[in-house]
Amino acid sequence: MMNWKRSIVVTAILLLSCKLFAVEPAKFYAVFSGNSASDINEMITSLEKEETSSLINAYKGALYMKQSSFMKEAKQKIETFKKGRTLLETEINNQPDNAEYRFLRLVVQEKSPPILKYKKDITSDKDLLISHFSELDSFVQKQVINYSRQSKKLDENELQ
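Residues numbered from 1 in each chain as written. Predicted model: local features only at pLDDT ≥ 70, side-chain atom pairs only at ≥ 80, totals over all residues. Heavy atoms only, no water.

Asker: Could you clarify how one ought to interpret the packing of helix H5 (residues 74-94) against helix H6 (residues 99-111) in this entry?
Answerer: Helix-helix packing is described using two parameters, namely the angle between the two axes and the distance between the axes. Closest axis-to-axis distance for the H5/H6 pair is 10 Å, and the angle between their directions is 150°. Between H5 and H6, the interaxial angle falls into the category roughly antiparallel. H5 and H6 meet at a crossing whose hand is left-handed. Contact residues: H5 offers Phe 81, Leu 88, Glu 89, Glu 91 and Ile 92, while H6 offers Tyr 101, Arg 102, Leu 104, Arg 105 and Val 108. (Axes fitted to C-alpha atoms, helices over the stretch in contact; angles between N-to-C directions. Helix = DSSP H or I, 4+ residues; strand = E, 2+ residues; numbered from the N terminus. Parallel < 35°, antiparallel > 145°, perpendicular 65-115°, else oblique. Left-handed = near helix turned anticlockwise from the far one by under 90°. Contact = heavy atoms within 4.5 Å.)

Set out below in structure tokens:
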């Protein structure tokens, strides 16, 4: 009888842990750093199927904002950008010291056109990212370092 209960508990834990890690950061960052509208659309569709979480919302927000750059109609671009901004900003407001979320916003801000007026937090995001860099998961640290090599605002030497 005890083995049966143990099996159920182990199975439940495995199922829960699989669900918690359903979003693979490597896939997200490959799409986020890429330049494929179809990959972005596929990733958003995949994230929409996931159980809502702070990380899912932050990822979707960043992807929606990037997706807007591929749209042809100005109204649709702005609506999609705002949808993404709302998702990401909500998660940053809920977790202002989350360096990964601030990194996502920094990337979007740096690449967004001036007309969107989405550049006011670049300095604070950069400063927080630098001060919390060592606390990031090693995979995310690599993404930040890779980004810093082409960034005009974030220098790789500042991350040491």
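Asker: What is the right way to read the nonpolar core from this model?
Answerer: Where a protein is soluble and globular, its nonpolar side chains tend to be buried together. Within the largest apolar cluster, 37 residues are counted, with the highest numbers of intra-cluster contacts made by Phe 32, Leu 63, Leu 104 and Val 144. The set of elements that each furnish at least two residues to this core consists of helix H2 (25-33), helix H3 (37-48), helix H4 (54-68), H5, H6, helix H7 (122-132) and helix H8 (138-148). With residues up to four places along the chain from it excluded, the contact list for Leu 63 reads Phe 28, Val 31, Phe 32, Ile 40, Met 43, Ile 44 and Leu 47. (Core = buried A, V, L, I, M, F, W, Y, C linked by side-chain atoms within 4.5 Å. Buried < 20%, exposed > 50% of the residue type's maximum accessible area, 1.4 Å probe, protein only.)

Asker: For this particular structure, what's the right way to read H8?
Answerer: Every α-helix winds through 3.6 residues per turn, so residues three or four apart in the chain are directed the same way. Taken as a whole, H8 has its buried residues at Val 140, Gln 141, Gln 143, Val 144, Tyr 147 and Ser 148. Projected down its long axis, H8 carries its buried residues within an arc of 160°, all on one side. Packed against the buried residues of H8 are H2, H6 and H7. At the N-terminal boundary of H8, the capping side chain belongs to Asp 137, with an oxygen 2.9 Å from the backbone nitrogen of Phe 139. (Arc of directions from axis to C-beta. Polar contact = N/O pair within 3.5 Å; in protein donor to acceptor, adjacent residues only side chain to side chain.)

Asker: So what exactly am I meant to see when it comes to the pattern of salt bridges here?
Answerer: Two side chains with opposite charge may pair up if their charged atoms get near one another. On inspection of all chains with the given rule, the structure shows 10 salt bridges. Between Glu 89 and Arg 105 there is a salt bridge, with its nearest N and O atoms 2.8 Å apart. Linking Glu 89 in helix H5 with Arg 105 in helix H6, this pair joins segments that are 16 residues apart in sequence. Neither Glu 89 nor Arg 105 differs from the other in exposure class; each is buried. Note that Asp 121 and Arg 105 form a salt bridge whose closest N and O atoms lie 3.4 Å from each other. Taken together, the positions of Asp 121 in the loop between H6 and H7 and Arg 105 in helix H6 put the pair 16 residues apart, joining distant regions of the chain. Accessibility expressed as a relative area gives 15% for Asp 121, which makes it buried. Among the ionic contacts, a cluster of salt bridges with common partners joins Glu 89, Arg 102, Arg 105, Lys 120, Asp 121 and Asp 125. (Salt bridge = Lys/Arg side-chain N within 4 Å of Asp/Glu carboxyl O.)

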